[in-house]
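Coordinate inspection notes
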Amino acid sequence: MTKISSCEVDTALELITGKWKPSILLALINGGTLRFSELKRALPNISQKILTAQLRDLEEHDIIIRTVYPEVPPRVDYRLSEYGRTLIPVLETMNAWGIRHAEHMRQK
């Protein structure tokens, strides 16, 4: 059995958990490159301030790429980085476990 260090697990979970990060990541996985307004529309209950902060945090960790186009009005796009795309199988596995867990709890 592989030994798992809680420190690295905590680091990974800190990056992808929270109220909005999984939803932001899911929107970018399913939608590809999205503008800020498209992300906001996909997550109607998130405030602009929180969305901006979460996107900045994901960008700081090289999970997403923010592209600013020199246009008037300014256009900003977000997409998963190549590094960020490595999270897809992790999130798929977590989703599958979540489905199994929900079923397990229903049968309990």
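Each remark here, short or long, concerns the structure printed above.
So, here is what we can say about the structure in this document. None of the values given here were measured: they were computed from a predicted structure. (Residues numbered from 1 in each chain as written. Predicted model: local features only at pLDDT ≥ 70, side-chain atom pairs only at ≥ 80, totals over all residues. Heavy atoms only, no water.)

1. Some details on the sheet that holds strand β2 (residues 64–69)
Going by this rule: What makes two strands pair is DSSP finding at least two bridges between them. Note on conventions: DSSP H or I runs of at least 4 residues are helices, E runs of at least 2 residues are strands, and numbering of each starts at the N terminus.
Strand order in the open sheet made by the three strands is β1-β3-β2, with antiparallel pairing throughout. Each of the sheet's edge strands pairs with one partner strand only, and the pair in question is β1 (34–35) and β2. Here β2 pairs with strand β3 (residues 75–80) via six bridges, running antiparallel. Bridge pairing in β3 links Thr67 to Asp77.

2. Re the pattern of salt bridges
Formally: Salt bridge, as used here, is a side-chain nitrogen of Lys or Arg placed within 4 Å of a carboxyl oxygen of Asp or Glu. Three exposure classes are used, based on accessible area relative to the maximum for each residue type with a 1.4 Å probe and protein chains only: buried under 20%, partly exposed in between, and exposed over 50%.
Counted by the stated rule, this structure contains four salt bridges. We note a salt bridge from Lys21 to Asp57, for which the minimum N-O separation is 2.2 Å. One end of the pair, Lys21, is in helix α2 (residues 21–31); the other, Asp57, is in helix α4 (residues 48–60), and 36 residues separate them in sequence. On the basis of relative accessibility, which here comes to 5%, the residue Lys21 falls in the buried class. The shortest N-O distance in the salt bridge between Asp77 and Arg75 comes to 3.4 Å. Relative accessible area serves as the criterion here: at 8%, Asp77 is assigned to the buried category. Given the relative accessible area of 22%, Arg75 is considered partly exposed.

3. Concerning the layout of surface pockets
Heads up, the rule is: The pocket and cavity definitions rest on a 1 Å grid over protein atoms only: a 1.4 Å probe that fits but cannot leave marks a cavity, an open set with protein on both sides within 12 Å along at least five of seven lines marks a pocket, and residues lining either have an atom within 4 Å of a point. Grid points are joined across faces, edges and corners, and a volume is the space filled by probe spheres set on the points. Each residue is assigned to one class: nonpolar for Ala, Val, Leu, Ile, Met, Phe, Trp, Tyr, Cys and Pro, charged for Asp, Glu, Lys and Arg, and polar for all the others, Gly among them.
Of the pockets and cavities examined, the largest pocket occupies roughly 240 Å³. Together, Ile16, Thr17, Pro22, Ser23, Leu26, Ile29, Ile88, Leu91, Glu92, Met94 and Asn95 line the largest pocket. Where the lining of the largest pocket is concerned, the elements lending two or more residues are α2 and α6 (88–107). When residues in the lining of the largest pocket are grouped by element, the largest group, five residues, is from α6. A class-by-class count of the residues in the lining of the largest pocket yields seven nonpolar, three polar and one charged.

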